Structure formats: structure tokens, C-alpha cells
Amino acid sequence: MTLHSSLFRLFCFLGLCAWLSVQSGGSPSVGTGNSQSANAKPVAHFTDVAQQAGLTAPVIFGGENTKKYIIETTGTGVAIFDYDNDGWPDIFVVNGTTLEASRTGKGPTSHLYHNNHDGTFTDVTAKAGLTHTGWGQGVCVGDYDNDGFEDLYVTYYGKNVLYHNNGDGTFTEVGEKAHVAGSGKAWGTGCAFVDYDRDGKLDLVVANYVDFDSATALAPGEQPSCMWKGIPVMCGPRGLPWTKNILYHNLGNSVFEDVTAKAHIDQTNGHYSFSVSTLDFDDDGWPDIYVACDSTASILYHNNHDGTFTDVAVVAGAAFNDDGREQAGMGSTVGDYDGDGRLDLFKTNFSDDTSTLYRNMGDGTFDDKTFPAGIGLNTQYLGWGVMFADVDNDGWPDLLLVNGHVYPEVDSQHLGSNFKEPKILYHNNGNGTFTDISANAGPGITAVSSARGLAVGDLWNDGRMSAVISNMNAPPKLLVNDLRNGNHWIAFRTVGAPPAAPPVKKSSGLAQASPLSPLHATSFASSRDGIGAKITVKAGSRTLVDEVRSGSSYISNSDISVHFGLGSATKIDWVQVRWPGGLLERFENLPVDSIHTLKEGSGTPVGITVKKN
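Computed from a prediction, not measured in an experiment: that's the story for all the values here.

Attention now moves to the packing of aromatic side chains. Applying the stated criterion to the full structure yields 25 aromatic pairs. When the centroid spacing of 6.3 Å and the interplanar angle of 50 degrees are considered together, the rings of F81 and Y83 count as tilted. Comparing F81 with Y83 shows no difference in burial state: the two are buried. A ring pair is formed by W228 and Y407, whose centres lie 5.1 Å apart and whose planes are at 45 degrees; its orientation type is tilted. Placement of the pair is W228 in strand β12 (residues 227-228) and Y407 in the loop between β25 (398-403) and α6 (409-413), with a sequence separation of 179 residues.

So this is what it looks like as C-alpha cells:
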């Protein structure tokens, strides 16, 4: 997490500060290149309603006033997903433990909150059987067995956990049985379900952080890497051994195979990996994998179409910042911020550095647009979770970032940062630039916490994007935008056609999974939840794109429904889906301000897109 910034970047900071003459004293974002004035009309107004909504259990993670080891600093992720198929997204918050509790095995559990459809949630953790404890880290969602119910994978320092959704409101832990628990010696962080070989069965990629053992770990200040601004702090990640990421291939019988070496995932050495974001960055129909890495270059695994990957981050321009330096990457998100039909990347980093916005150039490369986009001067915060989300439904995805330091000592030693920090909300101006509207975006944004995970979703099916945030040693936050406008929106849930559908589950009191349409257009297939599908919406002069995605943010999972703001448009011309199986089909006459379920094989075929090599 230690960062080395160049003098060149410092001069850029100072020069742009002088040129823009921006000193927004009332904003939580000091010195931002493009900040909204205090008198400007609010674009969004977020309020934290977690307490009244029933999200009350605190996230426990290490010591509160000091962090002896790096294991106490990373925090946990959150997931928004509809576990019972009632059409209303639910919330899962990963929990951690403390050094003392980890020795006894009596730490707190994670928490599953059921959506009551009335603005409140009920904690159903024990009833659902989600009682595992330990140093919980990240979470990702996917229907790995294509039975119509979303399953949960939770990473740990130690053995990871795969919760199979039984379809009756309960889960069964099957990590060992499915061969995805790991060795128990790794430190799992981000994860994502991804059908990398397009066989209709979701595979699983798991990022690992450092090779850590508390029994041999050094105390704060024992080495140069255990100092920060002259103050003894916990050691790492620099100076600690790196470890490899893992790729599991789904064999189709609820069992996975570790194909890390076979897929060449292990050929990326020397990285401290955190968040995982999947995207088809070169639009060839095959999913690629981006990994934000702490204190080391980022990874961009390009899918070679033959079961292997190549890290192309350096040649693609996504490994370093614009002056060629590695950054301390934490979270990442994917979205088409400039409306050119190509998926871009955004990454949060350590304090005393900017976040990074990578524009997809359409030729297999990215260009760092952090400064031109107006978000290059916000350096005082340590960023974690981040998501593109159109908070005002104007048709342009905005950016929500959550922050919090890793060293509690920053408060007592007055080191120019705070352990608890506010959130940042960048509004997309629709011209390739953003404006920091945090100061006017409500108390949910300006209130401070030491935040980590972030997930977004339309929790009440009304078109307003809400956010769930995991905080260190505090209850989670649930941010709701209570500012409505006249803009329109549309959202989509996908139902793919796997190669062989299992019988539909029969369960009591829960909505049933719908039957699957047989589809044999190509030798490829789609997973039941359509993860990896590319959705394109045509609305007048605008073309909007995104993908159905597992993972992303900082070790979290947002609702896999795909949401688009439409601005003043009262109708769309069509929506087109490129399914992972290769089928390209179009759906028309879909009303706006609604959530639609798109079933593979039920639209109008436009063509077959298959690229093997």
C-alpha cells in the first residue's frame, strides 16, 4: 500500500491547481479540477438509511485504534443480489474478525439481509445457513450450476467458501466438495464468475493478495517497508512475498478444476492482487479479466480463445498511470463513460495519488484520461470501492468512490490524512469530463467512515440507484438518493440458455426459476444468468452499452441487472443482446421506466457472432 509518486505528477498537480484556481473549502474534495459550487442545483442527494432499514450489524475487522498486521486493514466486500428470485434485490455483507477472535474461532458471521419490499430488510443469516466465520474478504455472485438461483462465493484469509443456493431460502457450503476452497494458506481478495471458454458453465477467477503468516510477521517499524511518513506502521505489502491468482474451470457436475497453470494465469508474477473486473475490452466476444493490484502494476488478462490468457496490461496501457508509474490499486469498475460504445476502466488508488481513468481507444489499448476528465487532483483520500452508476438517469454513468485510510495513526500523528474519510461523487458532464458534486450530494456522501466494499443496485425497482457500503468496525451504510427528477430509465435481467438445463426447482414460498429455451445456434452456450452478455440500447441519437457482470468494485458484487439512464427519452428504439453463446438478437417495443427480463432465444435474431481465433 506504500506509494511512490513522481515529481512530474506533483508539478502537474501544482500547475493545474494554479490554472484552475480551485479551492472548494466547503467540499470534502479539496483541490478537485472540476468541482460544483455550493450554490449549484443538486444533481443527487444521498441519505444513509441503513439503521432504519435494518442493516445494523457491524463489520468487525481488526483493531480499532491500531493495526499491528496488514491482515487487519483490507476490510470486506458486499453483494447485492436476488437470492430468492422474488424480483427484489437483497444484500449480503461479508464480515471479518479480530486477531483475538481468530485464535478462538468465535468471530462474527457475515450477514444476509432479505428485502421486505417496503424499504426495510430482515437479517436472515442464521435461517439461510450463512454462518461461516473468519477473516472474510470479498464476495462474488453467479449461478454456477445453472439451476436458476444465484450462488455465493466468499473469499477469506484461509479457505474460501462456496455457498450453493438451495432454492428454498437456504444455502449449503460446498467449497471443498466443489474443489474451490483452496489450500487454506492463501489470502483471497477479489473474485468473479466468468465463462471464459463460453461453454455455458460459469468458471471462477480468484485474486490473491500476499503470502502472509502472522506467526512470522514483522512488527510495525521493523523494516523500512514498515514505516510511513516517518511513523512505524504495519508491514506490507512491499517486503512481503507475492502470490498467484487462481482460475477454476467449471466441469459441469458442480465440481471445478484448478486450471491456473494450464490457462497461464500463473505467468503474471510479482503482483499484490485485489479487485477483479471482467470485460470484453477488445469486443471480440470473449471475456477478459482486469485485476487492480496494490503497489504493483495492474493485470489485464486477454482471452486467447483457446483456454489460455496473456497479460497485456503493459502493451495495452492499463498497467501504469500516464507517467509510467505503478500505483497502489484497490478497486476497479467498468463503464462507457464517454458514450463511444467502448467499455472503459476506472481504478482507485492509495492516498497521495490520483485515481485513474483509462479510456478504451478501440484498438486494444487504453489511454489515461484522468487529468483531461477533471478528476486528477483528488489525492488526499485513499480509495477503495468504486462503481459507475447513473445516479440522475441522464444517460451518462457517474462515478461513486468510497474512501478510508489503512493507518489509524494518521489521526493521532496528524499526517495530512484522516482514518475516516467522506465519499466522492463525480457527475458525468456528457462531454468526457466529470464534476465533483460531493459537497452538494447529501449527508450520505459527506459523512466520514473508513469504508471498503461498495455495491450498487436499484433496491426498490423504481429506477433510483442505491449504494451499500462496508465500513471498518462499524455498521454498513445504505445510501438512497431521495432527489427525484423527470429523467427516464430502463433496466434488464438476462436469462441465458445453457447447453443442458436441469429440472426447475420446486420450493416452498419462493418464486420459481423459469423454464429455459433450448438453443443450439453455435458450439458455444450461455450461462443461466447470462453473465458476460453485452447489452446495447439504441435511444434516439444515443447508443448505450454495458455487460452483465460478476465481481468488480472493491472485492464486491453489484446487482447483475443492467441499468441505463435515458435522460428525457420516453422510448427506446431497440435493445440488442450479444449472448456469450454467440447469438445476437434484438428486442423491441419495450417500455421505459421498467425492468425487463430478456430470455435468450425469444428475441429477433440479428446474427451469430462467433470468433474462435
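Having seen the model, we can carry on.
Moving on, we come to the sheet that holds strand β34 (residues 562-567). Strand order in the open sheet formed by three strands is β34-β31-β37, with mixed pairing between adjacent strands. Of all the strands in the sheet, just β34 and β37 (594-599) have a single pairing partner and so form its edges. Ignoring which end each strand starts from, the neighbouring axes of this sheet average 25 degrees apart. When strand β31 (residues 488-495) meets β34, the two strands line up antiparallel, connected through five bridges. When the bridges of β34 are listed, H488 appears paired with G567.

Further remarks concern the confidence of the model for the protein chain. Model confidence for the protein chain is summarised by a mean pLDDT of 91, while 90% of its residues fall at 70 or above. For the protein chain, the element scoring lowest by mean pLDDT is helix α1 (residues 7-20), at 44; strand β3 (residues 90-93) scores highest, at 99. Confidence drops under pLDDT 50 across residues 501-509; counting only partners more than four residues distant or on other chains, this segment forms 18 contacts. Low pLDDT, under 50, characterises residues 513-521; the predicted model gives this stretch 22 contacts beyond four residues in sequence or across chains.

On to the nonpolar core, then. Counting 48 residues, the largest nonpolar core has M330, F350, W384, Y407, L425 and L454 as the members making the most contacts within it. Counting residues per element, the ones that place at least two in this core are β24 (383-389), β25, β28 (451-457) and β29 (466-471). Among the nonpolar cores identified, the runner-up in size contains 37 residues, and L162, F193, V537 and F564 belong to it.

With that settled, consider the sheet that holds strand β4 (residues 111-115). Read across the sheet, four strands follow the order β2-β3-β4-β5 without closing on themselves; strand pairing throughout is antiparallel. At either margin of the open sheet sits one strand with a lone partner, and together these are β2 (78-81) and β5 (121-123). This sheet shows a mean twist of 20 degrees between the axes of neighbouring strands, independent of strand direction. Relative to β3, β2 runs antiparallel, the two sharing four bridges. Across the sheet, the residue bridging to V78 is V93, located in β3.

Right, let's talk about unusual backbone geometry for a bit. Looking along the chain, the bond that leaves G236 and enters P237 is cis, with omega of 0 degrees. Here P237 lies in the loop between β13 (231-232) and β14 (246-250). The backbone of S553 sits at a positive phi, close to 55 degrees, despite the residue not being glycine. Following the sequence through the fold, S553 ends up in the loop between β33 (542-547) and β34. On the accessibility criterion, S553 (1% relative accessible area) is buried. Located in the positive-phi region is N589, a residue other than glycine, with phi close to 60 degrees. Here N589 lies in the loop between β36 (583-587) and β37.

On to the pattern of salt bridges. Note that side chains of opposite charge can pair when their charged atoms are close. In the structure shown here, the tally under the stated rule is 17 salt bridges. Close ionic contact of R359 with D340 constitutes a salt bridge, the shortest N to O distance being 3.4 Å. Placement of R359 in strand β22 (residues 356-360) and of D340 in the loop between β20 (329-335) and β21 (344-349) is noted, with a sequence separation of 19 residues between them. Among the residues examined, R359 registers a relative accessible area of 22% and is labelled partly exposed. Salt bridges here are not isolated pairs; linked through shared partners, they connect D280, D283, K534 and R578.

By the definition in use, this model includes two disulfides. With its sulfur 2.4 Å from that of its partner, C140 forms a disulfide with C191. Given an S-S torsion of about -120 degrees, the disulfide between C140 and C191 has left-handed geometry. Taken together, the positions of C140 in strand β6 (residues 136-142) and C191 in strand β10 (residues 188-194) put the pair 51 residues apart, joining distant regions of the chain. Given a relative accessible area of 0%, C140 falls into the buried group. Using a relative accessible area of 2% as the deciding quantity, one classes C191 as buried. One disulfide bridge connects C226 with C235, the sulfur atoms lying 1.9 Å from each other. Because the sign of the S-S torsion sets the handedness, a value of about 110 degrees for the bond joining C226 and C235 places this disulfide among the right-handed ones. Neither C226 nor C235 differs from the other in exposure class; each is buried.

Turning next to the pairing of strand β26 (residues 424-428). With five of its five residues buried, β26 lies for the most part within the structure. On β26, burial covers both faces: I424, Y426 and N428 on one face and L425 and H427 on the other are all buried. As paired strands, β25 and β26 are joined by three bridges and run antiparallel to one another. By the bridge assignment for β26, L400 is matched with L425.

Quick notes on the rules
Every residue gets a number counted from 1 within its own chain, in the order that chain's sequence is written. In keeping with the model being predicted, local features are shown solely for residues with a pLDDT of at least 70 and side-chain atom pairs are shown and tallied solely at 80 or more, while totals for entire chains, interfaces and linings include all residues. In computing side-chain properties, one takes all heavy atoms of the structure into account and sets aside hydrogens as well as water. In summary, the pairing rule links any two rings of Phe, Tyr or Trp, Trp by its six-membered ring, whose centres are within 6.5 Å, and it sorts them by plane angle into stacked for under 30 degrees, edge-to-face for over 60 and tilted for everything else. Accessible area is worked out with a 1.4 Å probe on protein chains only. A residue is then buried under 20% of its type maximum, exposed over 50%, and partly exposed in between. Counting from the N terminus, the helices are DSSP H or I runs at least four residues long and the strands are E runs at least two residues long. DSSP-based pairing: two strands are paired if at least 2 bridges between them are found. Axis lines are fitted through C-alpha atoms, for helices just across the contact stretch, and the angle between N-to-C directions can take any value from 0 to 180 degrees. pLDDT is a residue-level measure of predictor confidence that goes from 0 to 100. In what follows, a contact means two residues having at least one pair of non-hydrogen atoms within 4.5 Å. Remark: nonpolar core denotes a set of buried residues (Ala, Val, Leu, Ile, Met, Phe, Trp, Tyr, Cys) joined through side-chain atoms within 4.5 Å. Here, a salt bridge means any Lys or Arg side-chain nitrogen found within 4 Å of an Asp or Glu carboxyl oxygen. Cysteine sulfur atoms that pair up within 2.5 Å are treated as a disulfide.

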